[in-house]
Amino acid sequence: MTRKEFEDKVDAVAAGVGELIKVKNKQYGHDNPMKCFGHGVYGIHIRLEDKINRLDSILQTDAPEDTTKLYKELFYDIAGYALIALILLVEEEKIENKS
């Protein structure tokens, strides 16, 4: 894979993560990620830990044939929570800079 191909794939996956967050925001309601924000990075940590535990569970059991799909969904979710955490940190930084 060339550098350009890699960069294009990064852009595509990052866009996919953004779209996933938007879809889930519509499905679960705008308050759902805001609950994480209410608990700060700790709230994100709890959600990420749930995803990591799910990944561990898949790795420790006889995984079904569609493990690629499961892994992909989990990693998209993990990336989504990381993106939400970054949004939270940027917003906190804005507030701190106003003080």
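Model, not experiment: these values are computed from the prediction.

Here is what the cut-offs are and how they apply
- Numbering of residues starts from 1 in every chain and runs along the sequence as written.
- Note on the predicted model: pLDDT of at least 70 is required for a residue's local features to be given, and 80 or more for side-chain atom pairs to be given and counted; whole-chain, interface and lining totals, by contrast, use all residues.
- Only hydrogens and water are set aside; all other atoms, that is, all heavy atoms of the structure, feed into the side-chain values.
- Every helix listed is a DSSP run of H or I at least four residues long, and every strand listed is a run of E at least two residues long, numbered separately from the N terminus.
- Burial classes: relative accessible area under 20% of the type maximum marks a residue as buried, over 50% as exposed, and values in between as partly exposed (1.4 Å probe, protein chains only).
- Contacts are assigned to residue pairs with any non-hydrogen atoms lying within 4.5 Å of each other.
- Salt bridges are identified by distance alone: a Lys or Arg side-chain nitrogen within 4 Å of an Asp or Glu carboxyl oxygen.
- Every angle, taken between N-to-C directions, lies between 0 and 180 degrees, and every axis is a line fitted to C-alpha atoms, over only the stretch in contact when it is a helix.
- Any angle that falls under 35 degrees is termed roughly parallel, while one over 145 is termed roughly antiparallel, one within 65 to 115 roughly perpendicular, and all others oblique.
- Any residue outside Ala, Val, Leu, Ile, Met, Phe, Trp, Tyr, Cys, Pro, Asp, Glu, Lys and Arg is labelled polar, Gly included; the first ten of those are nonpolar and the last four are charged.
- For a helix, the expected span equals 1.5 Å multiplied by the number of residues minus one.
- The score called pLDDT rates the predictor's confidence residue by residue, from a low of 0 to a high of 100.

Caption draft 1: Broad picture of the overall build of the protein. Helix and strand counts for the protein come out as four helices and zero strands. In the protein, the succession of helices and strands from N to C terminus is α-α-α-α. Considering the protein as a whole, with its 99 residues, one finds that 19% of them fall into the buried category. Here the contacts in the protein between residues at least 6 apart in sequence split such that 63% fall between residues at least 24 apart.

Caption draft 2: Seen up close, the pattern of salt bridges. Going through the model one piece at a time under the given rule, you end up with four salt bridges. When the shortest N-O distance is used, the salt bridge between K4 and D8 registers 2.8 Å. Here K4 and its partner D8 are both found in helix α1 (residues 3-28), four residues apart, which amounts to about one turn of the helix. Of the charged contacts, one joins E19 and K22 as a salt bridge, the two residues approaching to 3.4 Å between their closest N and O atoms. Note that E19 and K22 are positioned in helix α1 at a spacing of three residues, about one turn of the helix. A network of salt bridges, in which partner residues are shared, links K24, K51 and D77.

Caption draft 3: View of the packing of α1 against helix α4 (residues 67-98). Direction vectors running N to C along α1 and α4 enclose 80 degrees, while the axes themselves pass 9 Å from each other. Here α4 runs roughly perpendicular to α1, going by the angle between their axes. Packed against α1, whose contacting residues are V13, G16, V17, G18, L20, I21 and K24, the element α4 presents Y76, D77, A79, G80, L83 and I84 at the interface. For the contact of α1 with α4, a count of residues per class yields eight nonpolar, three polar and two charged.

Caption draft 4: Inspection of helix α3 (residues 40-60) at higher detail. Between the first and last C-alpha of α3 there are 31 Å, a value that for 21 residues agrees with the 30 Å anticipated at 1.5 Å per step. Listed in full, the buried residues belonging to α3 are G40, G43, I44, L55 and I58.

Caption draft 5: Looking closely at the side chain of D77. Within the secondary structure, D77 is located in helix α4. Apart from residues no more than four positions distant in its own chain, D77 is found in contact with L20, K24 and K51.

Caption draft 6: A look at the packing of α3 against α4. In contact at an axis separation of 10 Å, α3 and α4 are set at 170 degrees when each is read in the N-to-C sense. Taken as axis vectors, α3 and α4 run roughly antiparallel relative to one another. From α3, G40, V41, I44, R47, L48, K51, I52, R54, L55, I58 and L59 reach across to α4, where they touch L70, Y71, L74, F75, D77, I78, Y81, I84, A85, L88 and L89. Split into classes, the residues belonging to the contact of α3 with α4 amount to 17 nonpolar, one polar and four charged.

Caption draft 7: Region of the structure containing the confidence of the model for the protein. When pLDDT is averaged along the protein, the result is 85; 88% of the residues meet or exceed 70. Mean pLDDT values for the elements of the protein range from 60 in helix α2 (residues 31-38) up to 93 in α1.

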